[in-house]
Structures are given as C-alpha cells and as structure tokens.
Number of protein chains: 2
Amino acid sequence: MQQEDIKQLKISSAVINRLPRYYRYLKQLLSENRLRISSLELSKLMKVTASQIRQDLNCFGGFGQQGYGYNVKLLFGKISEILGAKEGYTAIIVGAGHLGHALAAASTFNNRGVELKALFDIDPRVIGTACGELMTYSMDSLEDYCNENRVDIAVLTVPKNCAVAVARRLAETGVRGVWNFTGVELELPAGVSVQNVHLGDKLMTLCYDIKNNQQDED
Amino acid sequence: MQQEDIKQLKISSAVINRLPRYYRYLKQLLSENRLRISSLELSKLMKVTASQIRQDLNCFGGFGQQGYGYNVKLLFGKISEILGAKEGYTAIIVGAGHLGHALAAASTFNNRGVELKALFDIDPRVIGTACGELMTYSMDSLEDYCNENRVDIAVLTVPKNCAVAVARRLAETGVRGVWNFTGVELELPAGVSVQNVHLGDKLMTLCYDIKNNQQDED
C-alpha cells in the first residue's frame, strides 16, 4: 500500500461528507481567480468555524500556511482527487421520469467531473427521445449498453416497486456505484457502493428549524 | 420558557440531522405493528452502532428500558414532535419543472406530516394544469395565494437566475421556511429558515466510495 493510500484511509467519513461542500466553495473561488484564502475568510463564507476548517483540511496534509492561508488551486485539486472527481467516472440515469429528467438537465454531473452518458426507461413514449444531448434507451438494452460502454455509476430513479430488481441487474452489469433515489434499501454485492438520497430528511430538518426558528449553515 | 423547550435546545444539530432517519425506520416498524425494539436490533437495522443509538436517543429522555428496549410508538411520537411533524405545516412548490413535478408526485411531504397545497410557475403551458391533485398557479398570484392560505414552507425549484428574487418575494409573503434546491445561496430575514439541498454532494461522496470501494450506511 502506498503512503498516499494510507493517508486517505485515515480521513473519517464525517470529514469526507463535508468535503463536497469545500469542493463547491473552492470551485467558486477558482472561477473568481482567487489564488488564496485564509481559514478565517473561508469560515465566514461557509459559515463554519475556522477551527473546524483547519481540522478538516489538516486531515490530508498542510495546505494552509501561517499568514498566507490556503492555496485555492492546490486545495481544490487535492479535494477533487480525494473525492474521485478526477477519475473520469461515467453515469447513466435509470428511470427517465421527472426526477431523472431534472437530474439530467442540471449541471450536477458535469460540475463534479462525472460524465452523464444516457437515460434508460421502460416507457415507449420516452424511449428514443433525447433529453438535452442525451438519448433515452429501452431497459431491454441496458445490459448490451453496459457491455459496450464503461458505466461506473447508475442513478436509480425508478419507482419503488422495481427498485430492487433493477438495482440487481445494474450490479450484474458491473456498475461500481448506485445513486439511489428510490427510498428502498438495496442489498448489493460488496463491490458496488450505494449512496441513498432521502430528500424528505432535509424537509424534516427544515420543519425542525421552523419550529425552533433556526438557521441552516449549509 | 417551559422545561420542554429547554430540553430541546440541548439537542445538537448533529443529532437533529440524524433524527429523520430514525423517523423513517420507526415509521416502518410501526407499520409492521412492532411494539418495541432493542437498541441492538435497531442498530443492526440502521447499520449504526447501538451505543450511537443510545447516545442519540438519550438526548431527549429515556425511552429505552433495560431489557425491554424502546417503545416504538412512544419514540416515534416523540421524534415526530421534536422534528415538527405534528405541527401541520403546509407547503407550496415554486417552480413546476421536472424537479418540482418529481417532488409533487413523491410521497415525501405526506410521509413527513407536511401538506403540499399547490405549485407555482411562470410558464403559461403549465399554469392552470393539475399535477396529481395539485393545481399549478401563476407566479403573479403568489402573494394573493399566500395571503389567503397559510403557507409555512416554500420549495424553491426555480432556475438559478431567479432564485434570489423569488426567495425574497416568498420571505415577504411570510413563509417560515425555504427548501432550496437552486444551489444559490439565499440571504433571508432571520425569521425564515432555509435548508439547502445540493444533490451533487452525495454524488461526490459516491465517487469517493467507488474510488475507495466503501459502503454507505444510510
């Protein structure tokens, strides 16, 4: 195991979960041609404490210099690398309903270094139609497509009742990750990572905030 | 200030952010007519440690009894109360595009005790059309609607370039919370809570998991 790998393993999942937020802010700073930023300024921007920032970013080496701050480009590059945004991952959306279309239309994938390749559905009315620059294919051709094209990530936006079956098919085609919007628990082989999105969880936190009149920091 | 309020203030935001997940699992257990569950069993189900569960749930009083476990109904009721799911909050979706329609069609709101009332858009092609049982109204009638109906939550699914202006209008109508899907930072008056959803953050965590072949626990 290389030293680099060892370093990565030490990063806690709490820190990893916070890194995409750093990624967003640093991407924004880069687009504004900012060369460096102090932990204090970054802390004000991101509305977290400067000590939290120093603690988070110290996990993977000292990009901050006393009196200089962080080198925006270096830090962004390192975070991109850690998060896998430089791996050139590709994705397909399985389920070309409203949510599938919304995700396909957003800049979500491009902005994170993931190339979205196609959509899949069973509805004859959408099969063969384009969603932006992406084609919608029949679910019948899922396996063939995945054999002929490298597909790392499947975005699962199918109805609940077929979530498990479709996820299994995807795992068999060799996808390495499933971004699961179905709300259904998936049991997939060890080689397939799953990230579940439960949108309603944030709605509940909002209800809590309203009840207690609190502000979000995200 | 009542004792109840004081207790709530002591709950950390980290615990609050985890509560919706307990809510989901307990709701499921309730629907299966489960009367009680041990922290060990809940821990296996939710794939977190039993000590984490005990620690989280001890924050708001002892619903767990040694050798008995948690009373599912009591615990679910308490978590619902803390999260504001019993407040009868109402919501509108502003931006009836793909994402707005996807959210309207999902059981996200109902399942969390929030009543979704209507959608709003500027597109003449969708104004006046129904989305399931919900009507889509013109943005011109937003203020009138909010004056005539109690609207606690606005779900913001408009394009980035009008996010700030629309959010300000919503704040002026008196909504108490904005569920913000636009990716744009909103500066709203102190009385308005905001929960930002950055879907891409989860995509990045998935990329990290793929790169490191890790499994999600959510």
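The preceding data block contains the structure.
An account of the accompanying structure is given in this report. This structure is a prediction, so every number in the text was calculated from the model and none was measured.

### Side note on the relation of the copies chain A and chain B
Once chain A is rotated about the relating axis by 180° and shifted along it by 0.0 Å, it coincides with chain B to within an RMSD of 0.0 Å. Between the two chains, the operation in question is that of a two-fold axis. The C-alpha atom lying nearest the rotation axis in chain A is that of A:His98; the distance is 2.3 Å. By residue overlap, the copies meet face to face through one surface: 100% of the interface positions of chain A are interface positions in chain B.

### Looking at the interface of chain A and chain B
Counting residues at the interface gives 62 residues for chain A, matched by 62 residues for chain B. For the pair chain A and chain B, the summed buried surface comes to about 5900 Å²; carbon and sulfur atoms form 58% of the total. With a shortest N-O distance of 3.9 Å, A:Lys47 and B:Glu187 are connected by a salt bridge. Where chain A meets chain B, there are 23 residue pairs in polar contact (both at pLDDT 80 or more). Taken together, the elements giving at least two residues each to the side of chain A that touches chain B come down to helix H2 (13-31), helix H5 (72-83), helix H6 (98-105), strand E9 (177-180), strand E10 (193-196) and helix H9 (199-212) of chain A. Sort the elements by how many residues they give to the side of chain A that touches chain B and H9(A) lands first, with 14 residues. Here the residues of the side of chain A that touches chain B sort into 28 nonpolar, 18 polar and 16 charged.

### Digging into unusual backbone geometry
The phi angle at A:Lys47 is positive, at roughly 55°, despite the residue not being glycine. The partly exposed category is assigned to A:Lys47, whose relative accessible area is 42%. Phi angles above zero are rare outside glycine, and B:Asn33 is one such case at about 60°. Mapped onto the secondary structure, B:Asn33 falls in the loop between helix H2 (13-31) and strand E1 (36-37). A residue is classified by how much of its surface remains accessible, and B:Asn33, at 65% relative accessible area, is exposed.

### A look at the pattern of salt bridges
Here the structure, examined in full by the defined rule, presents 19 salt bridges over all chains. Between B:Arg24 and A:Asp201 there is a salt bridge whose closest N-O contact spans 2.7 Å. Of the two residues, B:Arg24 is situated in helix H2 and A:Asp201 in helix H9; the pairing between them involves two chains. The exposure classification of B:Arg24 matches that of A:Asp201, with both residues buried. Where salt bridges share partners, they join A:Arg24, A:Arg112 and B:Asp201 into one cluster.

### Description of the packing of aromatic side chains
All names here are of chain A. The full count for this structure, using the stated rule, is 12 aromatic pairs over all chains. Residues Phe120 and Tyr137 carry aromatic rings whose centres are separated by 5.6 Å and whose planes lie at 40° to one another, so their mutual orientation is tilted. Taken as a pair, Phe120 in strand E5 (residues 115-121) and Tyr137 in strand E7 (residues 134-138) lie far apart in primary sequence, 17 residues in all. On the basis of an interplanar angle of 75° and a centroid distance of 5.3 Å, the ring pair of Phe120 and Tyr145 is categorised as edge-to-face. In this pair, Phe120 sits in strand E5 while Tyr145 sits in helix H7 (residues 142-148), placing the two residues 25 residues apart along the sequence. Taking relative accessible area as the criterion, Tyr145 reaches 13% and is therefore assigned buried.

Rules and cut-offs
Residues numbered from 1 in each chain as written. Chains lettered and ligands numbered in written order. Predicted model: local features only at pLDDT ≥ 70, side-chain atom pairs only at ≥ 80, totals over all residues. Heavy atoms only, no water. Least-squares fit on C-alpha atoms with pLDDT ≥ 70 in both. Contact = heavy atoms within 4.5 Å. Buried area = accessible area lost by both parts, 1.4 Å probe. Salt bridge = Lys/Arg side-chain N within 4 Å of Asp/Glu carboxyl O. Polar contact = N/O pair within 3.5 Å; in protein donor to acceptor, adjacent residues only side chain to side chain. Helix = DSSP H or I, 4+ residues; strand = E, 2+ residues; numbered from the N terminus. Nonpolar A, V, L, I, M, F, W, Y, C, P; charged D, E, K, R; others polar. Buried < 20%, exposed > 50% of the residue type's maximum accessible area, 1.4 Å probe, protein only. Phe/Tyr/Trp six-rings, centres within 6.5 Å; stacked < 30°, edge-to-face > 60°.

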